[in-house]
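Here are the chains, one letter per residue:
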Amino acid sequence: MMKAKIEETAKSVCETDVKDAAVAEKVARQIGVIARSAKAVEAMRLLCLSDNEEDEMGGRTYDPAEDERIRRELLVEYERIDSIIERKDAEAAARARAKAEAQSCAAAGAPTQAA
């Protein structure tokens, strides 16, 4: 019913004779409303077609193969991020060692004041 209403409205908008800017603006707004309505109807249709089975937590149940695919993707991403963190930690440690070494060399090489 909603789809028929959208199609009927779209047909009437398409038949509108645009003579001035105000009418053109109104038609453009109507087209936007029709497009958003059509997207909403399609989303509702897809939701109705989807499996309505829910688990005990009230969430949707998913295909075990899909769960496994997502788990593998997360594991790969975790390993990538973990390696980046390890590399950054090693770089920070190297910078800290270099800074400490530079400070100790500067302290050792600084002239002492004789009294």
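As the structure is a computational prediction, the values presented were derived from the model and not from experiment.

**Observations concerning the overall build of the chain**
Okay, so step 1: From N to C terminus, the chain includes three helices and zero strands.
Okay, so step 2: Counting from the amino terminus, helix and strand elements in the chain follow one another as α-α-α.
Okay, so step 3: Looking at the 115 residues of the chain, the share that counts as buried comes to 4%.
Okay, so step 4: For the chain, the computed accessible surface area is about 10100 Å², with 60% contributed by carbon and sulfur atoms.

**Section: the nonpolar core**
Okay, so step 1: Ranked by size, the top nonpolar core spans five residues in total: I6, V13, V27, I34 and V41.
Okay, so step 2: Looking at this core, the elements with two or more residues in it are α1 (2-14) and α2 (21-49).
Okay, so step 3: The greatest single-element share of this core, amounting to three residues, is contributed by α2.

**Quick notes on the pattern of salt bridges**
Okay, so step 1: Evaluated as defined, the whole model comprises six salt bridges.
Okay, so step 2: The residue R69 makes a salt bridge to E66 at a minimum N-O spacing of 2.5 Å. Of this pair, R69 and E66 are both found in helix α3 (residues 64-109), three residues apart, which corresponds to roughly one turn of the helix.
Okay, so step 3: Residue class for E66 comes out partly exposed when judged on its relative accessible area of 31%.
Okay, so step 4: R71 is the salt-bridge partner of E68, the closest N and O atoms lying 2.7 Å from each other. Taken together, the residues span about one helical turn, with E68 and R71 both in helix α3 at a distance of three residues.
Okay, so step 5: For E68, a relative accessible area of 30% corresponds to the partly exposed category.

**Things to note about the environment of I31**
Okay, so step 1: Here I31 lies in helix α2.
Okay, so step 2: Residue classification places I31 among the partly exposed positions, given a relative accessible area of 48%.
Okay, so step 3: Taking the C-alpha atoms as reference points, I31 and T9, separated by 22 residues in sequence, lie 9.1 Å from one another.

The rules behind the values
- Residues numbered from 1 in each chain as written.
- Predicted model: local features only at pLDDT ≥ 70, side-chain atom pairs only at ≥ 80, totals over all residues.
- Heavy atoms only, no water.
- Helix = DSSP H or I, 4+ residues; strand = E, 2+ residues; numbered from the N terminus.
- Buried < 20%, exposed > 50% of the residue type's maximum accessible area, 1.4 Å probe, protein only.
- Areas by Shrake-Rupley, 256 points an atom, 1.4 Å probe, with all protein chains shown as cover.
- Core = buried A, V, L, I, M, F, W, Y, C linked by side-chain atoms within 4.5 Å.
- Salt bridge = Lys/Arg side-chain N within 4 Å of Asp/Glu carboxyl O.

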